[in-house]
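Reading the structure
Residue strings, one per chain:
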Amino acid sequence: MTKQKAVVGDGKSGIDMSLAVVPTALFTTDVKKPPFMPRGYIKISKKKLLKNLEISSGARINTWVESMRASSPTSNRQDKTTWMDRHPSALNSFDEITNASRGKQIVMFLDYDGTLSPIVDDPDRAYMSDAMRATVRKLAGCFPTAIVSGRCRDKVYNFVKLAELYYAGSHGMDIKGPSKGSKYMKSPPSVLCQPASEFLPMIDEVLEIRPTIKWDKGKALEFLLESLGYANCTDVFPIYIGDDRTDEDAFKVLRERGQGFGILVSKIPKDTNASYSLQEPSEANAKTKCLKWGDMSPRNMCTAILDFKNVCTVEQVKTISG
Ligand SMILES: O=P(O)(O)OC[C@H]1O[C@H](O[C@H]2O[C@H](CO)[C@@H](O)[C@H](O)[C@H]2O)[C@H](O)[C@@H](O)[C@@H]1O
């Protein structure tokens, strides 16, 4: 069965859609086959093609046309608008977030790849910037802060290099407290939790082998909250920033607890349990879009949270000093 490509235009917008058609499936005997055109292309009007498609295969074709419409740039824009309504920019919603967290203990959870560092081809070169490191360091000075990563703990530590943080490596299966000591936990044990310690040497970063125990980044988040003494606390406000499927377990836990919120770092609409979103400029877009998107990066979100902390501190000082 030979495929042909059809170029469909509406004659006004100048936008042509290119689609592969299988002549025997789409054009029945009562629909005239299009004449052969050079280089395998046929040119027919969009109206005519849609009419033919409906005659030929009814509902199945309608579904196909719908899916083509759904992948058109206009539809993508609408999808993105609807998605952004449901998951607004965390920075644009900052007042809402600060009001919800006022008077509560913020605990920060940060994914590494794609959140603190850009996604790059070589996983061994996924460095975080010094500016991001400085922000995370400041953050840890204000709130208990944990890095929750799919990477093994040592590897993620070698990238972040901040001794004052909690690290949950191997998808949360290997949790360690700050090696520098913590003001949030009196003498934390060096290793806090290894629910599947016997599996840790086998968790290969490339093959992504994971033991079939019910443990994930969501469980790690709960474990850390408990270790910090916030298990049954109503005045704790966990914030989790992450970018991928494995972070969804943590977003889900926050949604179910009705505490704090998740922030998904993503440029494209995705199914998510996160409440808010952030976009991170890619290297390619950095020069042109940095100004527009620069204020929507995880680093700036963290900085905004730090500013909020300063506001709270000033308010508290004012209250104390009357
Ligand atoms: O939980 P995370 O900290 O987000 O780690 C998830 C995985 O991140 C790494 O892979 C991803 O980042 C790489 C570097 O940017 C990229 O090359 C790769 O395509 C991404 O999937 C890491 O290599 C994995 O081991 C982590 O599980």
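This one's a predicted model, so the numbers in the text were calculated from it and none came from an experiment. (Residues numbered from 1 in each chain as written. Predicted model: local features only at pLDDT ≥ 70, side-chain atom pairs only at ≥ 80, totals over all residues. Heavy atoms only, no water.)

Regarding its fold elements, the chain presents 10 helices and 11 strands. Put simply, the chain has 322 residues, and 43% of those count as buried. Put simply, of all contacts in the chain between residues at least 6 apart along the chain, 56% involve residues at least 24 apart. When the accessible surface of the chain is split by element, carbon and sulfur atoms take 54% of a total near 18,000 Å². (Helix = DSSP H or I, 4+ residues; strand = E, 2+ residues; numbered from the N terminus. Buried < 20%, exposed > 50% of the residue type's maximum accessible area, 1.4 Å probe, protein only. Contact = heavy atoms within 4.5 Å. Areas by Shrake-Rupley, 256 points an atom, 1.4 Å probe, with all protein chains shown as cover.)

Moving on to the side chain of S89. Looking at where S89 falls in the secondary structure, it is placed in the loop between α3 (73-86) and α4 (94-101). Apart from the residues within four sequence positions on either side, S89 is in contact with M84, Y276, S277 and M296.

Moving on: the packing of helix α7 (residues 217-227) against helix α8 (residues 248-257). Following both chains from N to C, one finds α7 and α8 inclined at 55 degrees, their axes separated by 6 Å at the closest point. Of the possible angle classes, the one that applies to α7 and α8 is oblique. Only D249, A250, V253, L254 and R257 of α8 make contact with α7, whose side of the interface consists of K217, G218, L221, E222 and L225. Its residues placed into classes, the contact of α7 with α8 shows five nonpolar, one polar and four charged. (Axes fitted to C-alpha atoms, helices over the stretch in contact; angles between N-to-C directions. Parallel < 35°, antiparallel > 145°, perpendicular 65-115°, else oblique. Nonpolar A, V, L, I, M, F, W, Y, C, P; charged D, E, K, R; others polar.)

Looking now at the pairing of strand β5 (residues 145-148). Neither face of β5 is exposed, since T145 and I147 on one face and A146 and V148 on the opposite face are all buried. Direction of pairing for strand β4 (residues 105-110) relative to β5: parallel, over a ladder of three bridges. Across the sheet, the residue bridging to L110 is I147, located in β5. Once you follow β4 into helix α5 (residues 130-142) and on to β5, the crossover reads as right-handed. Here β5 pairs with strand β6 (residues 166-169) via three bridges, running parallel. Bridging across to β6, I147 finds its partner in Y167. (Pairing = 2+ DSSP bridges. Right-handed = clockwise from strand over helix to strand, strands pointing away.)

Turning to the site of the ligand, a few remarks are in order. As a matter of local geometry, the ligand sits amid 16 residues, with D111, V120, S149, G150 and K217 nearest to it. A distance of 2.5 Å separates an oxygen atom of the ligand from a polar backbone atom of V120. A distance of 3.4 Å separates an oxygen atom of the ligand from a polar atom in the backbone of D121. The protein chains hide 80% of the 570 Å² of surface that the ligand would expose on its own. (Near = heavy atom within 4 Å. Polar contact = N/O pair within 3.5 Å; in protein donor to acceptor, adjacent residues only side chain to side chain.)

Now for the nonpolar core. The biggest cluster of nonpolar side chains holds 36 residues, and the ones touching the most others in it are I241 and M301. Broken down by secondary-structure element, the contributors of at least two residues to this core are α4, β4, α5, α6 (153-160), β9 (236-242), β10 (261-265), β11 (276-278) and α10 (298-320). Broken down by element, the residue count for this core peaks at six residues, all from α10. Leaving out residues up to four positions away in the same chain, I241 has contacts with M108, F109, L110, D111, T115, I263, V265, L278, P298, M301 and C302. Counting residues in each nonpolar core, the second largest holds 24 residues, with V107, M173, L228 and Y230 among its members. (Core = buried A, V, L, I, M, F, W, Y, C linked by side-chain atoms within 4.5 Å.)

At K161, a position not held by glycine, the phi torsion is positive, near 55 degrees. The topology assignment puts K161 in the loop between α6 and β6. Residue classification places K161 among the exposed residues on the basis of a relative accessible area of 54%. A positive phi is found at H171, a non-glycine position, where the angle reads about 60 degrees. Mapped onto the elements, H171 comes out in the loop between β6 and β7 (174-176).

Okay, the side chain of D111 next. Residue placement: D111 occurs in the loop between β4 and α5. The class for D111 is buried, based on a relative accessible area of 2%. Reaching out from D111, the side chain makes a polar contact with the side chain of T115 at a distance of 2.9 Å. A distance of 3.1 Å separates a polar atom in the side chain of D111 from a polar atom in the side chain of K217. Here D111 is in contact with L116, V148, K217, Y240, I241, G242, D243 and D247, once residues within four sequence places are set aside.

Bringing the pattern of salt bridges into the picture now. Applying the stated rule across the entire model yields seven salt bridges. The closest approach of N and O atoms between K217 and D111, which form a salt bridge, is 3.1 Å. Of the two residues, K217 sits in helix α7 while D111 sits in the loop between β4 and α5, which places them 106 residues apart along the sequence. Residue classification places K217 among the buried residues on the basis of a relative accessible area of 2%. (Salt bridge = Lys/Arg side-chain N within 4 Å of Asp/Glu carboxyl O.)

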